[in-house]
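Chain residues, written in single-letter form:
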Amino acid sequence: MIKPIPVLVVAGPTAVGKTEFAINLAKKTGGEIIGCDSMQIYKFMDIGSAKPTVEERREVPHHLIDFVDPRNEFSVARYQNLARTAIEGIDNRGNIPIISGGTGLFLDSIIYDMDFSQKPEGGIFNRRRDELFKVSENHGNEALHDILVKLSPETAAKIHPNNVKKVVRAIEVLENGGNIPDYKSVQRKTFYKYDTKMFCLTRDRNELYDRINKRVDVLMNKGLLGEIENLLKMGLSEKQISMKGIGYKELFSYLNGETDLEEAVRLIKRNTRRFAKRQLTWFRRYDNMEWINLSRFKDIDEAVNTILEEENHGRERYSNS
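Rules of the game
Residues numbered from 1 in each chain as written. Predicted model: local features only at pLDDT ≥ 70, side-chain atom pairs only at ≥ 80, totals over all residues. Heavy atoms only, no water. Salt bridge = Lys/Arg side-chain N within 4 Å of Asp/Glu carboxyl O. Helix = DSSP H or I, 4+ residues; strand = E, 2+ residues; numbered from the N terminus. Buried < 20%, exposed > 50% of the residue type's maximum accessible area, 1.4 Å probe, protein only. Phe/Tyr/Trp six-rings, centres within 6.5 Å; stacked < 30°, edge-to-face > 60°. Lys NZ or Arg CZ within 6 Å of the ring centre and 35° of its normal. pLDDT = per-residue confidence, 0-100. Contact = heavy atoms within 4.5 Å. Axes fitted to C-alpha atoms, helices over the stretch in contact; angles between N-to-C directions. Parallel < 35°, antiparallel > 145°, perpendicular 65-115°, else oblique. Left-handed = near helix turned anticlockwise from the far one by under 90°. Nonpolar A, V, L, I, M, F, W, Y, C, P; charged D, E, K, R; others polar. Core = buried A, V, L, I, M, F, W, Y, C linked by side-chain atoms within 4.5 Å. Pairing = 2+ DSSP bridges.

1. Digging into the pattern of salt bridges
Piece 1. According to the stated counting rule, one finds 18 salt bridges in the structure shown.
Piece 2. In this structure, Glu 59 engages Lys 27 in a salt bridge whose closest nitrogen and oxygen atoms are separated by 2.3 Å. On the criterion of sequence distance, the pair formed by Glu 59 in helix 2 (residues 54-59) and Lys 27 in helix 1 (residues 18-29) is long-range, its members being 32 residues apart.
Piece 3. Salt-bridge contacts for Glu 263 lead to Arg 266; the nearest nitrogen and oxygen are separated by 2.8 Å. Here Arg 266 and Glu 263 lie together in helix 13 (residues 261-283), a separation of three residues that amounts to about one turn.
Piece 4. Take Glu 263: its relative accessible area is 27%, and that puts it in the partly exposed class.
Piece 5. Among the charged side chains, a salt-bridge network with shared partners connects Asp 46, Lys 51, Arg 57 and Asp 66.

Below you can see the structure in the form of structure tokens.
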């Protein structure tokens, strides 16, 4: 019997401190980091996605960050393939794979036995799929999401409206006789090759929201608006999936003359706080998630040391020393 690969997961909401935590953890365990963020995969979008800096990536090897042209499409299926390949490579080098990020669907694609090849095919299904994508293109993602809400409010609550492909897939399943238990069970069967230990970072709500607000100010000061203007010069527009992220879409509204800059920044902060809340809701679905409230520690280093000491086989299981 093949021994499963030990995999560490550092999840959590935006601005909670995942990057610093994962790097600290990687240094202490002999780990390499695999990005699990649907925005940090894109090139030329360093500021808005709050990517690990070049210096941080020099400290510890990082994978699946800064490698996709934002003008191109990128699927969860491709992410799954690349992430699992990276995990095997890291394990073959005798290091610990550390999944770090806040995109729940990306995480699911790694740790669960999700088969993206199984989907309705044939003329009638393709026509319906095209119709659904056109709803999004012509009337917006919320209009498409409303179709899913009418079919299953429970399913809709777990899928963000901007995740158009997943919304379409869920509608297909439900319209063609699938039901919520079937849909969930297919996705949540644990992938047998990994022995996964998951940590979700959080903070007291006021502290987290304060960090979010301050980070938005920092991103603006670093030149987020200029980054978006450069992306426009490359031929990108608000229609691209890569431009749907928080920070980008609000500033597009400003550049299009739909709002002033102060209001755009206010909306970025508000939408980021709401996004953090949705992320926490997503991560509460995992039965084996260990929650780490960073507000209870003096710093990240103390938090990392504590979880390694409390893990029954922490330093033996997650160390190559």
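2. A word on the packing of aromatic side chains
Piece 1. Tallying each qualifying case throughout the model produces seven aromatic pairs.
Piece 2. Relative to Phe 106, the ring of Tyr 79 lies with its centre 4.0 Å away and its plane at 15 degrees, an arrangement referred to as stacked. Taken together, the residues span a long stretch of sequence, with Tyr 79 in helix 3 (residues 76-92) and Phe 106 in helix 4 (residues 104-111) at a distance of 27 residues. Both residues of the pair, Tyr 79 and Phe 106, count as buried.
Piece 3. Judged by centre distance (5.1 Å) and plane angle (70 degrees), the ring pair of Phe 191 and Tyr 194 falls under edge-to-face. Neither residue differs from the other here; Phe 191 and Tyr 194 are each classed as buried.
Piece 4. Joined through ring pairs, the aromatic side chains of Phe 67, Phe 74, Tyr 79 and Phe 106 make up one cluster.
Piece 5. Here Arg 285 stacks its cationic end above the ring of Tyr 286, 5.5 Å away from the centre of that ring.

3. A few points about the confidence of the model for the protein
Piece 1. On average, residues of the protein carry a pLDDT of 88, and 89% of them reach 70 or more.
Piece 2. Scored below 50 in pLDDT, residues 120-124 makes six contacts in the model with residues more than four places away or belonging to other chains.
Piece 3. Residue range residues 313-321 is modelled with pLDDT below 50. Its contacts to residues more than four positions away, or to other chains, number 24 contacts.

4. Side note on unusual backbone geometry
Piece 1. Unusually for a residue other than glycine, Ala 15 sits at a positive phi of about 70 degrees.
Piece 2. The residue Ala 15 is located in the loop between strand 1 (5-11) and helix 1 in this model.
Piece 3. Under the relative-accessibility criterion, Ala 15 is labelled buried at 8%.

5. Brief notes about the packing of helix 3 against helix 4
Piece 1. In the contact formed by helix 3 and helix 4, the axes pass within 9 Å of each other and the chain directions differ by 55 degrees. With respect to helix 4, the element helix 3 is oriented oblique. Here the hand of the crossing between helix 3 and helix 4 comes out right-handed. Of helix 4, the residues touching helix 3 (which contributes Val 76, Tyr 79, Gln 80, Ala 83, Arg 84 and Ile 87) are Leu 105, Phe 106, Ser 109 and Ile 110.
Piece 2. Classifying every residue of the contact of helix 3 with helix 4 by side-chain character gives seven nonpolar, two polar and one charged.

6. Structural notes on the nonpolar core
Piece 1. Counting 51 residues, the largest nonpolar core has Ile 34, Tyr 79, Ile 99, Leu 107 and Tyr 286 as its most contacted members.
Piece 2. Secondary-structure elements contributing two or more residues to this core are strand 1, helix 3, helix 4, strand 5 (194-202), helix 10 (205-222), helix 11 (224-233), helix 12 (248-255) and helix 13.
Piece 3. Examining the composition of this core, we find that six residues originate from one element, helix 3, more than from any other.
Piece 4. Ignoring any residue separated from it by four or fewer positions in sequence, one finds Leu 107 in contact with Val 9, Cys 36, Ile 99, Met 198, Phe 283 and Tyr 286.
Piece 5. Formed by 26 residues, the second largest nonpolar core is a distinct cluster that contains Val 16, Ile 23, Ile 98 and Phe 199.

7. A closer look at the environment of Lys 150
Piece 1. Structurally, Lys 150 can be placed in helix 6 (residues 141-151).
Piece 2. Relative accessible area serves as the criterion here: at 74%, Lys 150 is assigned to the exposed category.
Piece 3. A C-alpha to C-alpha distance of 9.9 Å links Lys 150 and Ile 171, two positions 21 residues apart in sequence.

8. Description of the sheet that holds strand 2 (residues 31-35)
Piece 1. Overall, parallel pairing links the six strands, which are arranged 3-2-4-1-5-6 in an open sheet. Of all the strands in the sheet, just strand 3 (62-63) and strand 6 (289-293) have a single pairing partner and so form its edges.
Piece 2. Its contacts with the sheet place helix 1 against strand 1, strand 2, strand 3, strand 4 (96-100) and strand 5, and it is angled at close to 175 degrees to strand 4.

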